[in-house]
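Here are the chains, one letter per residue:
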Amino acid sequence: MPTVVVYDANVLYPSTLRDVLIRVGLARLVQPKWTEQILDETFRNLRTNRPDLDAAQLERTRTLMNVALRDVMVTGYERRIDTLSLPDPDDRHVLAAAIQAEAELIVTKNLRDFPAEALLPLGIEAQHPDMFLSALHHDYPDVLATIITEIADAWCTADATPARVLNSFAADAPKTAALIRTTLGA
């Protein structure tokens, strides 16, 4: 059974990183999890910071995310939130979801908000997406390379190449992008 992983809103915000993270779930390398609250935060921030993006398209993306992955939505976690202590109280819902989902990992860019001393007693670890994906690449290099190629194909533009996808992806996961670039010879 794949490792259960909760994706924080900040790793679902960048489109290329989000695409890679969803596709590692589709490849059954991990079992991704999120909540409506995590998605609310992701898409609220996208609408605020990227007013050029079409609201209907963003809603479609959100719907497709929930449909693409089986058993992705965590529910029933809310009762745990007030019992938890983290440096940023606004992140307690993510930890509560991880506990409810029996996740081993929280993938987040905000590692300081999920200190090991708060997570380890719960059997949970927080990992930066670059570290998380680099470890997956180590175990499944061909799968990650295929994912990048599939994303390039899905972009449906004349200049969509794996190298271009990797350039975009490198903004959030530079080490993993370099590893995949070596695998692809790109």
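As shown above, the structure is provided for reference.
Colleague: Which residues make up the packing of aromatic side chains, and what are the values?
Modeller: All told, the structure shown has 2 aromatic pairs when counted by the stated rule. Measuring from centroid to centroid gives 6.4 Å for Y7 and W34, while their planes differ by 35 degrees, and the two rings are tilted. In this pair, Y7 is assigned in strand 1 (residues 3-7) and W34 in the loop between strand 2 (30-33) and helix 3 (36-49), connecting sequence segments 27 residues apart. Between the aromatic rings of Y7 and F132, the centroid separation amounts to 6.4 Å while the plane-to-plane angle is 70 degrees, which identifies the pairing as edge-to-face. In this pair, Y7 sits in strand 1 while F132 sits in helix 7 (residues 129-139), placing the two residues 125 residues apart along the sequence. For the pair formed by Y7 and F132, the shared burial category is buried.

Colleague: Provide a residue-level description of the sheet that holds strand 2, including the pertinent values.
Modeller: On the basis of which strands lie adjacent, the open sheet formed by 4 strands has the order 2-1-3-4 and parallel pairing. Taken across any chain shown, the strands that pair with only one partner, and hence form the sheet edges, are strand 2 and strand 4 (125-127). The sheet shows a mean angle of 30 degrees between the axes of neighbouring strands, direction not considered. Judged from the 4 bridges that link them, strand 1 and strand 2 form a sheet pairing that is parallel. Among the inter-strand pairings, V4 is bridged to a residue of strand 2, identified as Q31. Where helix 5 (residues 92-101) meets the sheet, its contacts fall on strand 1, strand 2 and strand 3 (105-107), and the angle it forms with strand 1 comes to roughly 160 degrees. Against the sheet, helix 7 touches strand 1, strand 2, strand 3 and strand 4, its axis set at about 95 degrees to strand 4.

Colleague: Let's hear about the pattern of salt bridges: which residues, and what values?
Modeller: Taken as a whole and assessed by the stated rule, the structure comprises 8 salt bridges. For the salt bridge of R62 with E36, the shortest nitrogen-to-oxygen distance reads 2.5 Å. Of this pair, R62 sits in helix 4 (residues 55-68) while E36 sits in helix 3; the two residues are 26 residues apart in sequence, bridging distant segments of the chain. On the accessibility criterion, E36 (37% relative accessible area) is partly exposed.

What counts as what
Residues numbered from 1 in each chain as written. Predicted model: local features only at pLDDT ≥ 70, side-chain atom pairs only at ≥ 80, totals over all residues. Heavy atoms only, no water. Phe/Tyr/Trp six-rings, centres within 6.5 Å; stacked < 30°, edge-to-face > 60°. Helix = DSSP H or I, 4+ residues; strand = E, 2+ residues; numbered from the N terminus. Buried < 20%, exposed > 50% of the residue type's maximum accessible area, 1.4 Å probe, protein only. Pairing = 2+ DSSP bridges. Axes fitted to C-alpha atoms, helices over the stretch in contact; angles between N-to-C directions. Contact = heavy atoms within 4.5 Å. Salt bridge = Lys/Arg side-chain N within 4 Å of Asp/Glu carboxyl O.

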